[in-house]
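An overview of the molecular structure
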Amino acid sequence: MSVNDPLGDLLTRIRNAQMRRKSTVRTPASKLRAWVLDVLADEGYIRGYEKVDGPNGLPELEVSLKYYEGQPVIRELKRVSKPGRRVYMSVKDIPQVRQGLGVSIVSTSRGVMSDAAARSANVGGEVLCTVF
């Protein structure tokens, strides 16, 4: 089975696992997924992740989810740039999520980073998703 939108698949797996109050969730490994998870971990939305071997011998990423007083730390996880409609923004157009409470994850020429990091590096790029 091939997934057309690997990042959208990752976000959905995280949302579903949180609804079931799971402590970890597994997803097939890819560089883009790892980079996005790095940003989520740096911003404190997940505990972290580690690379493990899946049951079929393929590498997987095991994501440790974070809860605060029984509620998921991630309240909203939204894909912005989709395979059918890519969204690119220059550094001055990158939006603030919930007046700066949330984070946009941007894929730039200097790697995948948060909206704040993109502003300080003065680079724009593809807005992958927003987290709140």
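Predicted model only: the values in this text are computed from it and were never measured.

Quick notes on the rules
Residues numbered from 1 in each chain as written. Predicted model: local features only at pLDDT ≥ 70, side-chain atom pairs only at ≥ 80, totals over all residues. Heavy atoms only, no water. Domains from an automatic or database assignment. Contact = heavy atoms within 4.5 Å. Buried area = accessible area lost by both parts, 1.4 Å probe. Salt bridge = Lys/Arg side-chain N within 4 Å of Asp/Glu carboxyl O. Polar contact = N/O pair within 3.5 Å; in protein donor to acceptor, adjacent residues only side chain to side chain. Helix = DSSP H or I, 4+ residues; strand = E, 2+ residues; numbered from the N terminus. Nonpolar A, V, L, I, M, F, W, Y, C, P; charged D, E, K, R; others polar. Pairing = 2+ DSSP bridges. Axes fitted to C-alpha atoms, helices over the stretch in contact; angles between N-to-C directions. Buried < 20%, exposed > 50% of the residue type's maximum accessible area, 1.4 Å probe, protein only.

How large an interface is tends to be reported as the accessible area lost when its parts come together. Taken domain by domain, the protein holds domain 1 (6-72) and domain 2 (77-131). Once you take the C-alpha centre of each, domain 1 and domain 2 turn out to be 19 Å apart. Taken together, the 12 residues of domain 1 in the interface contact 13 residues of domain 2. A combined buried area of about 1000 Å² lies between domain 1 and domain 2, and 79% of that area is made up of carbon and sulfur atoms. If you look at where domain 1 meets domain 2, you find zero salt bridges. Our count for the contact surface shared by domain 1 and domain 2 stands at three residue pairs in polar contact (both at pLDDT 80 or more). When contributions to the side of domain 1 that touches domain 2 are tallied by element, the ones reaching two or more residues are helix H1 (6-19) and helix H2 (31-42). Of the residues belonging to the side of domain 1 that touches domain 2, the class tally is nine nonpolar, one polar and two charged.

Spatially, E1-E3-E2 is the arrangement adopted by the three strands of the open sheet, whose pairing is antiparallel. Looking at strand neighbours, the two that pair on one side only are strand E1 (24-28) and strand E2 (46-53), the edges of this open sheet. Taking the axes of each pair of neighbouring strands and ignoring which way they run, one obtains an average angle of 25 degrees across the sheet. For E1 and strand E3 (residues 59-65), the ladder comprises five bridges, and the chain directions are antiparallel. Residue pairing in the sheet places Arg 26 in a bridge with Glu 62 of E3. Strands in contact with H1 are E1 and E3; relative to E1, the strand with the most contacts, it is inclined by about 160 degrees. Against the sheet, H2 engages E1, E2 and E3, with an angle of about 150 degrees to E2.

Counting buried residues in E3 gives five out of seven residues, a clear majority hidden from the surface. Relative to E3, E2 runs antiparallel, the two sharing seven bridges. Bridge pairing in E3 places Asp 53 opposite Pro 59. Where E2 folds back onto E3 in an antiparallel hairpin, the turn is made up of five residues, including Gly 57, whose phi is positive at roughly 85 degrees.

Let us look at the environment of Val 36. Following the sequence through the fold, Val 36 ends up in helix H2. Distance in space between the C-alpha atoms of Val 36 and Leu 10 is 9.6 Å, their sequence separation being 26 residues. If sequence neighbours within four positions are ignored, Val 36 has contacts with Leu 7, Ile 105, Val 112 and Leu 128.

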